[in-house]
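What follows is the residue order along each chain.
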Amino acid sequence: FCVIMFIRCYKMPIQKPKITYTEKGILKSTSETTIRNVEFDTKQDFPFDIEEVTFEECIFDNISFENVNFKHVDLVDVVFKNCDLSNLRFDERLLKRVEFQNCKLLGTSFIEASLKDVSFKDTHSKYLNFAEAHLKEVIFESTELIEANFQDTEVKNLQLDKVELLKSEFIRTKLKDTDLSTSNIEGVTFDFESLRGVTIDVLQCPSLVSMLGVSIKDE
C-alpha cells in the first residue's frame, strides 16, 4: 500500500523582484493607477483606502496595514519586509515577483488570485485562503501556514521548506512532485487527488496513513 512517490525533483529557483531604484514615500490614498519605484516605511495613522492601483518595483518596510483598505490592488516586483498584512484581500488580483519577509498574515485572502514567482519567508500566518487560486513558482520557507485553505487550487512547482502546515486543507489541489518531507503535516486534511505523487519523509508515514483511515498493526 503506497500512493506516495519518494522522488525528489529539481526545482527551478523563483525569480526575485526587479527593483532598480526607490525613492522614499508615505503610504496614503492616491488617485494614481500605477505607483513605481517607491520605498514606503511610514503611513498615515487614520483609516484610508487604496483602490485600483498597481504597485511596481516598490518596497514596504515595517508597515501595519490595519487602517489601510487594499481593494483591487496588483503587485509586480514588490517586497514586504516586517509588515502586518492581516485580513487584506488580494482576491482575483495579480502578484508577480513578490516577496513577503518576516511578515504577519492572519486571515489574508488570495481567492482566485494569480501568484507567480512569489515567496513567503519567515512569515506568521493563519487562516490564509488560496481557494481557486493559481500558484506558479511559489515558495513557503520557514513559515507558519496554519489552518490554510487550498481548495481547487492550481499549483505548479510549489515549494514547501520547513513549513508548519498544522490543520491546513488541500482539497482537489494536485500536489504531484511537491516535497513535504521537511514540513509538519500533523492534522492536515488531504483528499486522494491532492496527495497523489507527493514526497514525504519516512517518519511522516504513520501520520499520513492515519489521515487516510488506515491502521498500522504492530508486530
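Keep in mind that what you see is a predicted model, and the values were worked out from it rather than measured. (Residues numbered from 1 in each chain as written. Predicted model: local features only at pLDDT ≥ 70, side-chain atom pairs only at ≥ 80, totals over all residues. Heavy atoms only, no water.)

### Let's talk about the side chain of threonine 173
Where we set the bar: For the purposes of this entry, the term helix denotes a DSSP run of H or I that reaches at least four residues, the term strand denotes a run of E that reaches at least two, and both are numbered from the N terminus. Polar contacts, as used here, are pairs of N or O atoms within 3.5 Å; protein pairs need one atom able to donate a hydrogen and one able to accept it. Residues neighboring in sequence count only if both atoms are side-chain atoms. Contacts: residue pairs with any heavy atoms within 4.5 Å of one another.
Summarising the element assignment, threonine 173 is placed in the loop between β14 (169-171) and β15 (189-190). Within the structure, the side chain of threonine 173 is placed 3.0 Å from the backbone oxygen of phenylalanine 150, a separation counted as a polar contact. Polar contacts involving the side chain of threonine 173 include one to the main-chain carbonyl oxygen of isoleucine 171, which spans 3.1 Å. Leave out the neighbours within four places in its chain, and threonine 173 touches Phe150, Gln151, Asp152, Thr153, Val155 and Ser194.

### Overview of the pairing of strand β5 (residues 68-81)
Put simply, the test is: Accessible area is worked out with a 1.4 Å probe on protein chains only. A residue is then buried under 20% of its type maximum, exposed over 50%, and partly exposed in between. Strand pairing follows a simple DSSP-based rule, namely that at least 2 bridges must link the two strands.
Of all 14 residues that make up β5, ten are buried, and the element is covered over most of its length. Summarising the sheet, strand β4 (residues 48-61) and β5 pair through twelve bridges and their orientation is parallel. Note on β5: the bridge partner recorded for glutamate 51 is lysine 71. Sheet topology places β5 next to strand β6 (residues 94-101); six bridges connect them, and they run parallel. Counted as the bridge partner of lysine 81 is glutamine 101 from β6.

### Description of the sheet that holds β14
Taken together, the three strands give an open sheet; going across it, the order is β11-β14-β15, and neighbouring strands pair in parallel fashion. If you trace the sheet from one side to the other, it starts and ends with β11 (149-151) and β15, each paired once. In the sheet, β14 pairs with β15 via two bridges, with the strands oriented parallel. In the sheet register, glutamate 169 faces β15, and the bridge partner there is threonine 189.

### Some remarks on the packing of aromatic side chains
The way to describe two aromatic rings as a pair is by their centre distance and the angle between their planes. Here is the rule: Any pair of Phe, Tyr and Trp rings, taking the six-membered ring for Trp, is counted once the centres come within 6.5 Å. Such a pair is stacked with planes under 30 degrees apart, edge-to-face with planes over 60 apart, and tilted for the rest.
Counted under the stated rule, the structure contains 21 aromatic pairs. Between phenylalanine 130 and phenylalanine 140 the ring centres are 6.0 Å apart and the planes differ by 80°, which places this aromatic pair in the edge-to-face class. Here the residue phenylalanine 130 occupies a position in the loop between β9 (124-126) and β10 (134-146), and phenylalanine 140 occupies one in strand β10, the gap between them amounting to ten residues. Neither residue differs from the other here; phenylalanine 130 and phenylalanine 140 are each classed as buried.

### Describing unusual backbone geometry
With the exception of glycine, the majority of residues adopt a negative phi angle, and the majority of peptide bonds are in the trans configuration. Located in the positive-phi region is aspartate 122, a residue other than glycine, with phi close to 55°. Along the chain, aspartate 122 turns up in the loop between β8 (114-121) and β9. Backbone geometry at serine 142 places phi at a positive 50°, although glycine is not the residue there. By secondary structure assignment, the location of serine 142 is in strand β10.

### Some thoughts on the environment of arginine 97
Topologically, arginine 97 is positioned in strand β6. Separated by 41 residues in the primary sequence, arginine 97 and glutamate 56 have C-alpha atoms spaced 9.9 Å apart. Among the polar contacts listed, one links the side chain of arginine 97 to the side chain of aspartate 77, at a separation of 2.6 Å.

### Considerations on the pattern of salt bridges
The cut-off we apply is this: Any carboxyl oxygen of Asp or Glu within 4 Å of a side-chain nitrogen of Lys or Arg constitutes a salt bridge here.
Throughout the structure, instances matching the rule amount to twelve salt bridges. For lysine 24, the salt bridge is made with aspartate 41, and the minimal N-O distance between the two is 3.4 Å. You can see lysine 24 sitting in strand β1 (residues 23-27) and its partner aspartate 41 sitting in strand β3 (residues 38-43), a full 17 residues away along the chain. Ionic pairing is found between arginine 97 and aspartate 77, a salt bridge with its closest N-O pair at 2.6 Å. One end of the pair, arginine 97, is in strand β6; the other, aspartate 77, is in strand β5, with 20 residues separating them in the sequence. The buried category is assigned to arginine 97, whose relative accessible area is 11%. Residue classification places aspartate 77 among the buried positions, given a relative accessible area of 6%. The network of salt bridges with shared partners includes Lys24, Glu39 and Asp41.

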